[in-house]
Amino acid sequence: MNFYNDYLKEIEERKTQGLHPKPIDSAELVSEIIEQIKDLNNANRADSLQFFIYNTLPGTTPAAGAKAKFLKEIALGQSVVNEITPDYAFELLSHMKGGPSIEVLLDLALGADADIAKKAGDVLKTQVYLYDADLQRLKDAFNSGNATAKEIIESYAKAEFFTKLPEVAEEIKVVTFIAGEGDISTDLLSPGNQAHSRSDRELHGKCMISPAAQAEIEALKAQHPDKSVMLIAEKGTMGVGSSRMSGVNNVALWTGKQASPYVPFVNYAPIVGGTNGISPIFLTTVDVTGGIGIDLKNWVKKVDAEGKIVRDENNEPILEHTYSVETGTVLTINTKTKKLYNGEQELIDISKSFTPQKMEFIKAGGSYAIVFGKKIQTFASQLLGIDIAPVFAPSKEVSIEGQGLTAVEKIFNRNAVGATPGKTLHAGSDVRVIVNIVGSQDTTGLMTAQELESMAATTISTSVDGAYQSGCHTASVWDKKAQANIPKLMKFMNEFGLITARDPKGVYHSMTDVIHKVLNDITIDDWAIIIGGDSHTRMSKGVAFGADSGTVALALATGEASMPIPDSVKVTFKGAMKEYMDFRDVVHATQAQMLQQFGGENVFQGRIIEVHIGTLTADQAFTFTDWSAEMKAKASICISEDATLIESLEIAKSRIQIMIDKGMDNKSQVLQGLIDKANKRIAEIQSGEKTALRPDANAKYYAEVVVDLDLIAEPMIADPDVNNADVSKRYTHDTIRPLSYYGGDKKVDLGFIGSCMVHKGDMKILAQMLKNIEAQNGKVEFKAPLVVAPPTYNIVDELKAEGDWEVLQKYSGFEFDDNAPKGAARTEYEKMLYLERPGCNLCMGNQEKAAKGDTVMATSTRLFQGRVVEDTDAKKGESLLSSTPVVVLSTVLGRTPTIEEYVKAVEGINLTKFSPSHIKLVK
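So, here's what we can say about the structure. (Residues numbered from 1 in each chain as written. Predicted model: local features only at pLDDT ≥ 70, side-chain atom pairs only at ≥ 80, totals over all residues. Heavy atoms only, no water.)

## Re the overall build of the protein chain
We apply this condition: Numbering goes from the N terminus for both helices and strands, where a helix is a DSSP run of H or I of at least four residues and a strand is a run of E of at least two. Shrake-Rupley sampling with a 1.4 Å probe provides the accessible areas, and residues are treated as covered by the protein chains on show and by no other component. The charge count treats Lys and Arg as positive and Asp and Glu as negative. His and the chain ends do not count. Lysine's charge is taken at NZ, arginine's at CZ, aspartate's at CG and glutamate's at CD.
Within the protein chain one finds 31 helices and 33 strands. The principal-axis extents of the C-alpha atoms in the protein chain amount to approximately 90 × 65 × 65 Å. Looking at the protein chain as shown, the accessible area adds up to about 34800 Å², and 49% of this sits on carbon and sulfur atoms. Across the protein chain, the mean location of the 98 positive side-chain charges is 1 Å away from that of the 121 negative side-chain charges.

## Overview of the packing of helix α4 (residues 62-75) against helix α5 (residues 86-94)
Definition in use: Note on method: axes are straight lines fitted to C-alpha atoms, helices fitted across the in-contact stretch only, with angles between N-to-C directions ranging 0 to 180 degrees. Note on terminology: angles under 35 degrees are roughly parallel, angles over 145 are roughly antiparallel, angles of 65 to 115 are roughly perpendicular, and the others are oblique. A clockwise turn of the near helix away from the far one marks a right-handed crossing, whereas an anticlockwise turn of less than a right angle marks a left-handed crossing. The criterion used for residue contact is that any of the two residues' heavy atoms lie within 4.5 Å. Each residue is assigned to one of three groups, with Ala, Val, Leu, Ile, Met, Phe, Trp, Tyr, Cys and Pro labelled nonpolar, Asp, Glu, Lys and Arg labelled charged, and all others, Gly among them, labelled polar.
Viewed as axis vectors pointing N to C, α4 and α5 meet at an angle of 150°, and their least axial separation amounts to 8 Å. By the angle between their axes, α4 is roughly antiparallel relative to α5. Regarding α4 and α5, the two cross each other, and that crossing is left-handed. Facing Ala68, Leu71, Ile74 and Ala75 of α4, the residues of α5 in contact are Pro86, Ala89, Phe90, Leu92 and Leu93. The residue makeup of the contact of α4 with α5, split by class, is 9 nonpolar, no polar and no charged.

## Here we look at the pairing of strand β8 (residues 292-295)
Within a regular beta strand, the side chains point alternately toward one face of the sheet and then the other, so they alternate between its two faces. We apply this condition: Only when DSSP finds a minimum of two bridges between them are two strands counted as paired. We call a crossover right-handed when, viewed with both strands directed away from the observer, the connection leading from the first strand over the helix to the second proceeds clockwise.
Bridge count between strand β7 (residues 271-274) and β8: 4 bridges; the pairing is parallel. Across the sheet, residue glycine 273 finds its bridge partner in β8, namely isoleucine 294. After leaving β7, the chain enters helix α15 (residues 280-288) and then returns to the sheet as β8, a path that is right-handed.

## Quick notes on the sheet that holds strand β17 (residues 466-469)
Pairing within the open sheet is parallel, and its 5 strands lie in the order β18-β17-β16-β19-β20. Two strands bound the open sheet, and with one partner strand each, they are β18 (499-500) and β20 (543-546). Where strand β16 (residues 437-440) and β17 come together, 4 bridges link them in parallel fashion. Note that in β17 the partner of isoleucine 437 across the bridge is glycine 466.

## Quick look at the pattern of salt bridges
Put simply, the rule is: Here a salt bridge means any side-chain nitrogen of Lys or Arg lying within 4 Å of a carboxyl oxygen belonging to Asp or Glu. Residue exposure (1.4 Å probe, protein chains only): buried if accessible area is under 20% of the type maximum, exposed if over 50%, otherwise partly exposed.
As enumerated under the stated definition, the model contains 59 salt bridges in all. Put simply, glutamate 154 and lysine 150 hold a salt bridge, and the shortest N to O gap is 2.5 Å. With glutamate 154 and lysine 150 both in helix α9 (residues 147-157) and 4 residues apart, the pair spans about one turn of that helix. When its relative accessible area of 29% is taken as the criterion, glutamate 154 is described as partly exposed. In this structure, aspartate 287 and lysine 358 form a salt bridge, with 3.0 Å as the shortest nitrogen-oxygen distance. With aspartate 287 in helix α15 and lysine 358 in helix α16 (residues 356-364), this pair connects stretches of sequence that are 71 residues apart. Taking the relative accessible area as the measure of exposure, aspartate 287 reaches 13% and is therefore buried.

## Some details on the pairing of strand β11 (residues 330-334)
Among the 5 residues of β11, 4 are classified as buried, and the element is accordingly described as predominantly covered. The sheet contact formed by β11 and strand β12 (residues 339-342) spans 3 bridges and is antiparallel. Within the sheet, the bridge partner assigned to threonine 332 lies in β12 and is tyrosine 341.

## Some words on the side chain of aspartate 526
How we decide: Definition of a polar contact: a pair of N or O atoms within 3.5 Å, with one able to donate and the other able to accept a hydrogen when the atoms are protein atoms, and with sequence-neighbouring residues admitted only if both atoms are side-chain atoms.
Of note, aspartate 526 is situated in the loop between α21 (515-522) and β19 (529-532). In this structure the side chain of aspartate 526 is engaged in a polar contact, spanning 2.7 Å, whose partner is the side chain of arginine 681. Setting aside anything within four residues of it in sequence, one finds aspartate 526 in contact with Ile411, Lys541, Gly542, Leu645, Arg681, Thr691, Ala692 and Leu693.

## Some remarks on the sheet that holds β8
On the basis of which strands lie adjacent, the open sheet formed by 7 strands has the order β8-β7-β3-β1-β11-β12-β13 and mixed pairing. The sheet is open, and its two borders are formed by β8 and β13 (345-349), each paired with just one other strand. Across this sheet, the average inter-strand angle for adjacent strands is 30°, counted without regard to direction. Where strand β1 (residues 171-181) lies against strand β3 (residues 228-234), 7 bridges are found, and the strand directions are parallel. Bridge pairing links threonine 176 to methionine 230 in β3.

## Brief notes about the nonpolar core
Our working definition: What makes a nonpolar core is a set of buried Ala, Val, Leu, Ile, Met, Phe, Trp, Tyr and Cys residues whose side-chain atoms join them at distances within 4.5 Å.
Within the largest apolar cluster, 111 residues are counted, with the highest numbers of intra-cluster contacts made by Phe52, Ile84 and Met455. For phenylalanine 52, the contacting residues outside a window of four places in its chain are Val30, Ile33, Ile34, Ile37, Lys67, Phe70, Leu71 and Ile84.

## Re unusual backbone geometry
Of note in this structure, lysine 97 is not a glycine but carries a positive phi near 75°. Mapped onto the fold, lysine 97 is located in the loop between α5 and α6 (100-109). Of note, alanine 456 is a non-glycine position whose phi angle comes to about 65°, a positive value. For alanine 456, the position within the fold is in the loop between α19 (442-454) and β17.

## Brief notes about the packing of helix α27 (residues 760-777) against helix α29 (residues 804-811)
At a minimum axis distance of 9 Å, the contact between α27 and α29 shows a crossing angle of 55°. Comparing the axis directions of α27 and α29 gives the class oblique. Here the hand of the crossing between α27 and α29 comes out left-handed. Of α29, the residues touching α27 (which contributes Lys764, Leu766, Ala767, Leu770, Lys771 and Glu774) are Asp804, Val807, Leu808, Lys810 and Tyr811. In terms of residue class, the contact of α27 with α29 is made up of 6 nonpolar, no polar and 5 charged.

## Points about the packing of aromatic side chains
Defined as follows: To pair, rings of Phe, Tyr and Trp, with the six-membered ring standing in for Trp, must have centres within 6.5 Å; the planes then decide the type, stacked if under 30 degrees apart, edge-to-face if over 60, and tilted in the middle.
Inspection of every chain in the model, using the stated rule, returns 18 aromatic pairs. Ring geometry for phenylalanine 814 against tyrosine 834: centres 6.2 Å apart, planes inclined by 45°, an arrangement best described as tilted. Of this pair, phenylalanine 814 sits in strand β30 (residues 812-815) while tyrosine 834 sits in strand β31 (residues 833-835), and the two are 20 residues apart along the sequence. Here tyrosine 834 falls in the buried class, since its relative accessible area comes to 2%. Pairwise contacts between aromatic rings join Tyr4, Tyr7 and Phe51 into one cluster.

## Brief notes about helix α2 (residues 27-38)
Quick reminder: α-helices carry 3.6 residues per turn. Residues three or four places apart thus point the same way. This is how it is decided: Expected helix span is taken as 1.5 Å per residue step, with the number of steps being one fewer than the number of residues.
The terminal C-alpha atoms of α2 lie 16 Å apart, and with 12 residues this matches the ideal 16 Å at 1.5 Å per residue to within 8%. Listed as buried for α2 are Leu29, Val30, Glu32, Ile33, Ile34, Gln36 and Ile37. Considering only its buried residues, α2 is in contact with α1 (3-15), α3 (45-54) and α4.

## A few points about the environment of alanine 109
Here alanine 109 shows up in helix α6. C-alpha of alanine 109 to C-alpha of leucine 138: the two residues are 29 residues apart in sequence and 9.7 Å apart in space. Every residue in contact with alanine 109, bar those within four places of it in the chain, is listed here: Ala117, Ala120, Gly121, Leu124, Asn146, Thr148 and Ile152.

## Overview of helix α13 (residues 211-223)
Over its 13 residues, α13 runs 18 Å from end to end, which matches the ideal 18 Å to within 8%, given 1.5 Å per residue. Along its buried surface, α13 packs onto β1, α12 (201-205), β3 and α14 (245-255).

## Considerations on the state of the cysteines
What counts, and what does not: Any cysteine sulfur atom paired with another within 2.5 Å is treated as part of a disulfide.
Taken as a whole and assessed by the stated rule, the structure comprises 0 disulfides. No disulfide involves cysteine 207; its nearest neighbouring cysteine sulfur is the one of cysteine 843, lying 18 Å away. With no disulfide of its own, cysteine 756 lies 5.8 Å from the sulfur of cysteine 843, the closest cysteine sulfur. The buried category is assigned to cysteine 756, whose relative accessible area is 4%.

## Remarks on the side chain of glutamate 234
Tracing the backbone through its elements, the reader meets glutamate 234 in strand β3. Among buried Asp, Glu, Lys and Arg side chains, glutamate 234 stands out as unpaired, with lysine 235 the closest opposite charge at 6.9 Å. Glutamate 234 has contacts with Ile178, Gly180, Glu181, Gly182, Thr275, Asn298, Trp299, His321 and Val325, leaving out every residue within four places of it along the chain.

## Re the environment of tyrosine 156
Mapped onto the elements, tyrosine 156 comes out in helix α9. For tyrosine 156, a relative accessible area of 0% translates into the label buried. Residues tyrosine 156 and valine 128, 28 residues apart in the sequence, show an inter-C-alpha distance of 9.0 Å. If sequence neighbours within four positions are ignored, tyrosine 156 has contacts with Leu124, Lys125, Gln127, Leu130, Leu138, Phe161, Ile376, Gln377 and Ala380.

What follows is the structure in structure tokens.
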């Protein structure tokens, strides 16, 4: 097969899309290119040289292996290429990051030729992506008296790979570009409906914001060639919602710097700002790429002479403009004074953007290099028997005598690595922690695989208890894009050591269960730390952090994560739920009451919500923790009673056993290991040896919120408020309205029950409501389509066993068939019930969508503009978020129900109930 000719055909196809040749990851193609380079008379030789030098992906890609092998031949003089001298071969090896290139460099450095060994050793001194096998080779050579190995080890001990890098510039000139007004979600920077292209960086980059915005950014760059473009969320927070590395990658692609002249479309050093700062997950991703995130505070709440906030007629705080960042404004970032200037005028202190750790990330071009650099410095120092040189900024350790620990502080202290022995750490401390559970989802998974290849990782860290690769984000439609991407992803992750939703060998049935539900089940320790490639990685056991694809890759490769211990906000409950209310209403009311209690300030933003849920098992409690992403919290922790936690662990065990029975366990028996750990945890609780996680009674919180259940008199709806005159207040998730606000006459065009926000109980509520409505009206007639996507196959199986699935089938006009999955996304909906395949469905917006301009009532979490539904010229699409019974009734009526209609429809139905715990949930 002629791989090169196929590549030329692909290049011509890409030209029609305005794209450059795709970076090469195929060893077969590189091998053909090498043969053409060796043939001095080959007509393709000149192009082959360009492809080999400038367009071959580094790391552990198959292409990198072939490239490194040929460069070794050139370095040794075994092959002669006039355009690639031996010295140039070493330079090219230095840009390949790790894996095959490190193997080649070690071969040369530890070889017999002293001159070659020195050159290879000098390159190795600049490299940080070394793994245990690489370090072992150096250690063996050092112990054998190899002089080059000794030089390399001594250089590593001094961390010269870092100290010899250029210092961060004292002044960084930027020109502003307002990307949007109000909160900017990562959907604007990397739309969900373009998920299939994320691993093709140049192609995916074309979807950022809009072609017009891209042209404006290019114009700013041309006008200001000596400055960086800073993307800004005016009157909002930058990067809310999803945790996509692709969002930051796109920003870097358009506004950053090329990481290496030999690696196309991999840029770093993006600069972003927001009036209300940067969302926590997005800021982590900015750090990964060595970028800068700035809390601009260019709009502040107006206060009167007494210092009280001045409010408008809607009781909203009035904002005052403190300085302008309109598009085209030239500003100066001073990294020494850590302040932002407009000319000579000082605008604001930006110290938080330039902590010692962040300065290291910027200097090194990203946080990964620091993580790996510290590891090899420690290795070298131990081998030499010397103390670790204080090159890197010491981790900040905050310890307050006499102050107790919040739940998250306890978890971080339990899992801390490298902290001062015996020292108790409180919020604000910088901590490296062991990660217990890792999740990779399918629309970011290809990027995670790329990140793993780029950091030369080949297998999962042995310290990770379990890791899962999902197939839920591409579950709705098995189209050509999914068929091209997903099997490749599953094969890579399965070989890397993850439990995968699809079996590359086709032994077990493909499982498209929503990733968060699976992670919630395989988390079998309330003291666990979980990292997942999605903002809704918010488990109801342990503490879980949504992360970008790169942080997921780092957790898989190293079994660790680094972050400050966040502040916590304590949430407790009083009063009693009304019989006709659903727990989803409590979740929405929590947000509404918090905002009311704190004068409109979102005290949850960037912090841990420690919710004293007590009596709800993991499935139901997950509804709260999941929604905490929309509250802009960094994470959420559930404080449970012992008996409740045991019940949740037993449920988790049964579901893990189902996965084992399906044949999903791997050769390391990861799933069986999780069951064993769950049994151990249950025994600890029952014996009193280690009860369920509790905060200390004298722990300190940033704030405390008490939710009054008595005040929740009717269903609550999160409204995108698409027509608000203040653009910054649209699509924020902060507008929570009672059902009566809509007067029973707001038209609903489509209903959606699904995504991670629902559990088995919601499916049973749906079945019960249909029976109820039929009994009351004589029949069930839908005046709007109702799309139902159960979160997991387990739920479908359990509903079938209990008779509820039969009820749903009775009223449905479509039922998914795994033997004949949909090959194209649905574009039109009839007024009937659709039983869709388990997975994310409409919530993702990357496959299925509502019709443009629709008003959708959904149990989803997504009300972002264009996500579930796009706009038309005449009408903005709306995605209103509510409980399952409200969605069902809205589709039967074709409009929002009145409170009277709602109460009648749910009569006698077992809704998701919640009663505050009567047990003291502190120690």
